[in-house]
Amino acid sequence: ITFEPVKISGSGTNPIQELGSVAQLRHIFKRRRIALVLSNTPKGNLYSALACLGCGLPFVPNVSGLGRVFIQRSAATLIAKVIYRLTFKHARHVFFQNLDDQALFVGAGLVHRDRSERIPGSGVDLLRFTPTPVPPRPTHAPVFLLVARLMWDKGVREYVEAAREVRKTCPEARFRLLGFLDVANPSAVPRSQVDDWVREGVVEYLEPTDDVRPFLAEADCV
């Protein structure tokens, strides 16, 4: 498999730069004589679809999640829906990893029901990866661990609020955060906010660049 780098900004909204990404994809598809395009992630799906329509290629998007534009309603939400409606109706087929997402797209007229289906998601196979017994510890207080991109959309605020509530009745419970800070995303949790939580004593934080093995090994609930 040959890797082709394409410049796509995860949080970019500059129309010229975004159209440049679409043009780059279209150029690669034509130069490589691609027969069928399989895509995923919101921008990957939309930009690949636009590029395919520009050169008459069949494409099959994989909707693994709705993305930030559907969570934080704004003008970008309306624009995204218009592009979805214009592109996905030409898709050879559309895969969804979530029945609710499929129902939302079909109900909004963004995709034809007979051209869509749900496939197994990208989560953990619980039949293969079974929970291990909780390691013995001198106290009954559990250690919770949230491993995530530290963005508000990922439930970090709710995790911290839950930590405050649990620690009212179980002050020895420990809540840990593991994830990158200072990411280029409008929904990113500021480092100053995490520092405030750490000073408050409600959570413990470790960046993934450090040795995380002890941090992971002590967790009871991930």
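Note: the structure precedes this text.
None of these values were measured; they are calculated from a predicted model. (Residues numbered from 1 in each chain as written. Predicted model: local features only at pLDDT ≥ 70, side-chain atom pairs only at ≥ 80, totals over all residues. Heavy atoms only, no water.)

Some points on the nonpolar core
Rules: Buried residues of nine kinds, namely Ala, Val, Leu, Ile, Met, Phe, Trp, Tyr and Cys, make up a nonpolar core once their side-chain atoms join them within 4.5 Å. Any residue under 20% of the maximum accessible area for its type is buried, any over 50% is exposed, and the rest in between are partly exposed; the area is computed with a 1.4 Å probe on protein chains only. Helix numbering and strand numbering both begin at the N terminus, where a helix is a DSSP run of H or I of at least 4 residues and a strand a DSSP run of E of at least 2. In what follows, a contact means two residues having at least one pair of non-hydrogen atoms within 4.5 Å.
Judged by nonpolar contacts, the single largest core of 23 residues is most densely connected at F29, Y84, V94 and F105. At five residues, the largest contribution of residues to this core is made by helix α2 (residues 42–55). Sequence-distant contacts of F29, that is, excluding residues within four places in its chain, are made with I34, V37, S48, A51, C52, C55 and L57. Core analysis: the next-biggest nonpolar cluster, separate from the first, contains 17 residues, Y159, F175, V194 and V202 among them.

Things to note about the sheet that holds strand β5 (residues 143–147)
The condition is simple: Should DSSP find at least two bridges between two strands, the strands are regarded as paired. Comment: axis = line fitted to C-alpha atoms, over the contacting stretch for helices; angle = value between 0 and 180 degrees taken between N-to-C directions.
One open sheet holds the three strands; their spatial order is β5-β6-β7, and the pairing between them is parallel. Two strands lie at the open edges of the sheet, namely β5 and β7 (204–206), each paired on one side alone. This sheet shows a mean twist of 20° between the axes of neighbouring strands, independent of strand direction. Judged from the three bridges that link them, strand β6 (residues 174–178) and β7 form a sheet pairing that is parallel. Across the sheet, R176 pairs through a bridge with E204, a residue of β7. The strands that helix α6 (residues 156–169) touches are β5 and β6; relative to β6, the one it contacts most, it runs at about 165°.

Thoughts on the pairing of β5
The condition is simple: Orient the strands so they point away from the viewer; a crossover is then right-handed if the path from the first strand over the helix to the second runs clockwise.
Two strands pair when backbone bridges link them, and β5 and β6 are joined in this way by five bridges, in the parallel orientation. Paired with V143 across the strands is R174, a residue of β6. In terms of handedness, the path from β5 via α6 over to β6 forms a crossover that is right-handed.

Some words on the sheet that holds strand β1 (residues 37–40)
Read across the open sheet, the four strands follow the order β1-β2-β3-β4; overall the sheet is parallel. If you trace the sheet from one side to the other, it starts and ends with β1 and β4 (116–118), each paired once. Strand-to-strand twist in this sheet, taken as the mean axis angle between neighbours without regard to direction, amounts to 20°. Examined bridge by bridge, strand β2 (residues 59–63) and strand β3 (residues 94–96) share two bridges and lie parallel to one another. Paired with V63 across the strands is F96, a residue of β3. Of the strands in this sheet, β1 and β2 touch α2, which is tilted by about 150° from β1. Along the sheet face, helix α5 (residues 99–107) touches β3 and β4 and points at about 165° away from the line of β4.

Structural notes on unusual backbone geometry
The phi angle at R33 is positive, at roughly 55°, despite the residue not being glycine. Mapping R33 onto the fold places it in the loop between α1 (15–31) and β1. Under the relative-accessibility criterion, R33 is labelled exposed at 75%. If you check the backbone angles, T41 has positive phi at about 70° while not being a glycine. Along the polypeptide, T41 turns up in the loop between β1 and α2. Here T41 falls in the partly exposed class, since its relative accessible area comes to 39%.

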